[in-house]
Every structure is written in C-alpha cells, then in structure tokens.
Amino acid sequence: MPPRVSIIILNWNKPDLTIACYRSCLAQTFADREILIVDNASTDDSMARLTAECPQARLVRNAANEGTGGGFAFGARHAQGDFFLFLCNDTELDPDVLAKLMEVMDTHPECGVCGCTHVWHQNPALIELQGYYVDRFGVQHCLGSGEPWTGEDRLIPAWCSGTVLLARREAYEKAGGYDPQHFTLNDEVDLCWRIRIHGYRLLIRTGARVLHRHFATLGREKRARTRYWAERHLLRTLLKNYRAGTLWRILPQYAGLLLLEMIFLTVQGYWSVALADLRALGWNLRMWPDTRRHRQRIQRTRTVPDSVFLSECWPGSAKLQWAFRLIRHRQPLYPEKKPYS
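In this report, the structure presented in the accompanying data block is examined. (Residues numbered from 1 in each chain as written. Predicted model: local features only at pLDDT ≥ 70, side-chain atom pairs only at ≥ 80, totals over all residues. Heavy atoms only, no water.)

1. A closer look at the overall build of the protein
In terms of helices and strands, the protein carries 12 helices and 12 strands. Relative to its length of 341 residues, the protein is compact, with a C-alpha radius of gyration of 19 Å against a globular reference of 20 Å. Seen through its C-alpha atoms, the protein measures out along the principal axes to roughly 50 × 45 × 40 Å. Looking at the protein as a whole, 56% of its 341 residues qualify as buried. In the protein, of all internal contacts separated by at least 6 residues, the share reaching a separation of at least 24 is 77%. When the accessible surface of the protein is summed, it comes to about 14,900 Å², and 57% of that surface belongs to carbon and sulfur atoms. (Helix = DSSP H or I, 4+ residues; strand = E, 2+ residues; numbered from the N terminus. Rg over C-alpha atoms; globule rule 2.2 N^0.38 Å. Buried < 20%, exposed > 50% of the residue type's maximum accessible area, 1.4 Å probe, protein only. Contact = heavy atoms within 4.5 Å. Areas by Shrake-Rupley, 256 points an atom, 1.4 Å probe, with all protein chains shown as cover.)

So this is what it looks like as structure tokens:
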C-alpha cells in the first residue's frame, strides 16, 4: 500500500543541509511515510552524497533547476502519499512534528494546509514565525516573530510558510498545485491562496516545532534579484486569483503602493532594487497569456468569493506598516545580517 504521507525535500547544491533534514525526517514518530528527495539539477556532488548517506529516501533528479515552485511541483508528481509534506532543506524537524500535523489533518478534514512554529536554528528559544496573514495585496504579516518559544500547543487560522508545509493531496490538486513559474519567494502565498478559495482552511499548530536556518538554502542572493522574484510572483498571484471586479479595484491601489516603494528605495540609495520592481512588471506583461490560461481555470473551479477572502486579510498595507516602522525606529532597510541566521 502507498504511504499516507510523502515527505518531499528539495536539494540544490546543499547536500549537507539535505542530509541533516533527511535524518530529522527518519526520526519522525509518524511511521507511515516515504521520504522523497528532489535534486534540482545540482552541479556539485549532491547525487553521490545523497545516494550514499540517505539510503531510505527515494531520489529523483530534475532536468533543470526550477527553484522551489517548480521543484516542489516536480516532487509532488512523483509522490505516492495522500498528503505532501514539503520541506526546504534548511530545516530540521522535532520528532513529533509530522504526527502533530497529521493529527490536525485527521481531526479537521476541512483543512487543506497545515503548518508549524519556526524557531531559529542557532537560538531555538526564539520564534522566527508562527505562520502569517496576508493583506489584500498578498504581502505577508508574520505572526510570533521575536517572541520566546514556550511550547504552547494550539491551533490558529493562519497561512503557512513554504519552508514546512503539509498539504492534503486532494486540496493541492484541486487548487492546481505549485506554480512552476514561481521560481522562489511568494510561491507558497499563491498556493495557500488558491487552496483557500477552493474551500479549504489554512491552520497552524503552534506546538509543532521546526528549527530553521534562515536563508541557508537561498543563500545571500543579490537584493535586486530577490526583490524581482518576490514582486513578479506577487503580481502574478493577484492576476490569477482575484475575480475581475476585485482585480480592477485592487490593481490601481497596488500600482500606487509599488510607485511609493520604488521612490522609497531610490531615496534610500537602492536604485537597482527599485528597478527590479519594473522588471517584475515587464515579466508579468510578457507572461500574461500564460497567466490568463491559469486564471481561467482557477476562476472556473473556485468556491470561496473574494468578499470572504478579503474579510480574512490583514487590514491595511503590510508594506506601508513595514516602511513606517523602519522610519520610526531608524532601522536599516537591509541589515547586514539577520539575527540567528
């Protein structure tokens, strides 16, 4: 019989991280699972290392590096379980994480996606995040960041980080799965959004804990590149997932905020990051025929109206709140190093 859960770990040129993540998966108390490692066309010795040191995993190699969106979509196509646990390889799970998340899925059949508490790997006493809300533009407002980890175990309705995300296969497939065009950043926002408007709930179990090495997988990519990825995927998400009437109301507000952001970045001296926003707009114009095809399918199959979705959004603009906080506290726009990363 196929396993109930397929654990899908993504690797690209980081075998040491992947092996540590794999070992934490082997230690899970929930035994009815398979471990699938997706190698995203690594150029180092990853395949040899993973073959030798992860004997209980099934290794599949992608023909190209498709990032997190395409890599996870590739892994899901090879998975056998009724549930997918998507893992970035810069994570290590407490032994009871999968058992706790599956308990949520079994007792809440309406739950399409379930997540957990992330703590800093180098300081597990401090919470990185416990899920997040999004504003009407899809920008994240993280929950619990910087608070002490107490082990409190409760369920909260919130969106799930793509770092550790348990998805019900039925919900994942009904929503269309990960978008391969979302190379990285905001790929899980799009997935959670589509799962929500197809009638499923998004839940976080705070008592399940994962240790996260922040940005260890992505590395310290150039600021302009990460801004480009984040904004291009955010706009594609809006274009696909809103009804036409809502989109016409949201897009002018989105454009105004984006212009303010570009001015703010330019004044701060980050003109290349500001230009990345323009590049993101250009990409979405070129990709509109593809986006439109996806949009038509989503709008045809969704069941939750925008009015319900918007009532659950974080009020206001998360971007504006972030900018005002930086100005008020005179914090740097791009700190040299994140704490405990």
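2. Structural notes on the layout of surface pockets
Here the second largest pocket is characterised by a volume of approximately 220 Å³. Tyr133, Val134, Pro157, Ala158, Trp159, Arg196, Arg201, Leu202 and Glu312 are the residues that line the second largest pocket. Elements with a contribution of two residues or more to the lining of the second largest pocket: strand S8 (132-134) and strand S12 (201-212). Residue composition of the lining of the second largest pocket, by class: six nonpolar, no polar and three charged. (1 Å grid on protein atoms, 1.4 Å probe; cavity = no way out; pocket = protein on both sides within 12 Å on 5 of 7 lines; lining within 4 Å. Points joined across faces, edges and corners; volume = space filled by probe spheres on them. Nonpolar A, V, L, I, M, F, W, Y, C, P; charged D, E, K, R; others polar.)

3. Looking at the pairing of S12
Counting buried positions along S12 gives 11 out of 12 residues, so the element sits mostly inside the fold. Sheet topology note: the strand S5 (residues 91-93)/S12 ladder contains three bridges and is antiparallel. Pairing of Thr91 across the sheet is with His212, part of S12. Across nine bridges, strand S6 (residues 111-120) lies against S12 in parallel orientation. (Pairing = 2+ DSSP bridges.)

4. A look at the side chain of Thr68
Mapped onto the fold, Thr68 is located in helix H3 (residues 67-78). Assessed through its relative accessible area of 12%, Thr68 is described here as buried. Excluding anything up to four places from it in sequence, Thr68 contacts Leu10, His182, Phe183, Thr184, Leu185 and Asp187.

5. Looking at the packing of helix H7 (residues 223-241) against helix H8 (residues 244-267)
Where H7 contacts H8, the two axes come as close as 11 Å, and the packing angle between them is 170°. By the angle between their directions, the pair H7 and H8 is classed as roughly antiparallel. Two packed elements cross with a definite hand, and for H7 against H8 that hand is right-handed. Across the interface between the two elements, Arg227, Glu231, Leu235, Leu238 and Leu239 from H7 touch Leu247, Leu251, Tyr254, Leu258, Glu261 and Leu265 from H8. Broken down by class, the residue content of the contact of H7 with H8 amounts to eight nonpolar, no polar and three charged. (Axes fitted to C-alpha atoms, helices over the stretch in contact; angles between N-to-C directions. Parallel < 35°, antiparallel > 145°, perpendicular 65-115°, else oblique. Left-handed = near helix turned anticlockwise from the far one by under 90°.)

6. As for unusual backbone geometry
A negative phi angle is the norm for most residues apart from glycine, just as the trans form is the norm for most peptide bonds. Here the phi dihedral of Leu185 falls at roughly 75°; this positive angle occurs in a residue that is not glycine. Positionally, Leu185 belongs in the loop between helix H5 (169-175) and helix H6 (187-197). Overall, the relative accessible area of 24% leaves Leu185 in the partly exposed class.

7. Focus: the nonpolar core
The biggest cluster of nonpolar side chains holds 61 residues, and the ones touching the most others in it are Phe86, Trp159, Leu165 and Tyr172. Broken down by element, this core gets its largest block of residues, eight residues, from H8. Discounting residues that sit within four places of it in the chain, Tyr172 has contacts with Phe72, Ala73, Ala76, Phe84, Phe86, Ala167, Gly177, Tyr178, Leu191 and Ile195. Grouped together as the second largest cluster of nonpolar side chains are 31 residues, Ile7, Ile9, Cys54 and Met102 included. (Core = buried A, V, L, I, M, F, W, Y, C linked by side-chain atoms within 4.5 Å.)

8. A few points about H8
In a regular helix each residue adds 1.5 Å, so 24 residues correspond to 34 Å; H8 covers 34 Å between its end C-alpha atoms and thus fits that length. Taken as a whole, H8 carries its principal kink of about 30° at Ile250; the proline Pro252 stands between one and four residues after it. Those residues of H8 lying buried are Thr246, Leu247, Ile250, Tyr254, Leu257, Leu258, Glu261, Met262, Phe264 and Leu265. The inward-facing, buried residues of H8 contact H7, helix H9 (271-286), helix H10 (288-301), helix H11 (306-311) and helix H12 (318-329). One or two steps after H8, the chain reaches Gly269, where phi turns positive at roughly 95°. (Expected span 1.5 Å × (residues − 1). Bend = angle between axes of the 7 residues up to and from the residue.)

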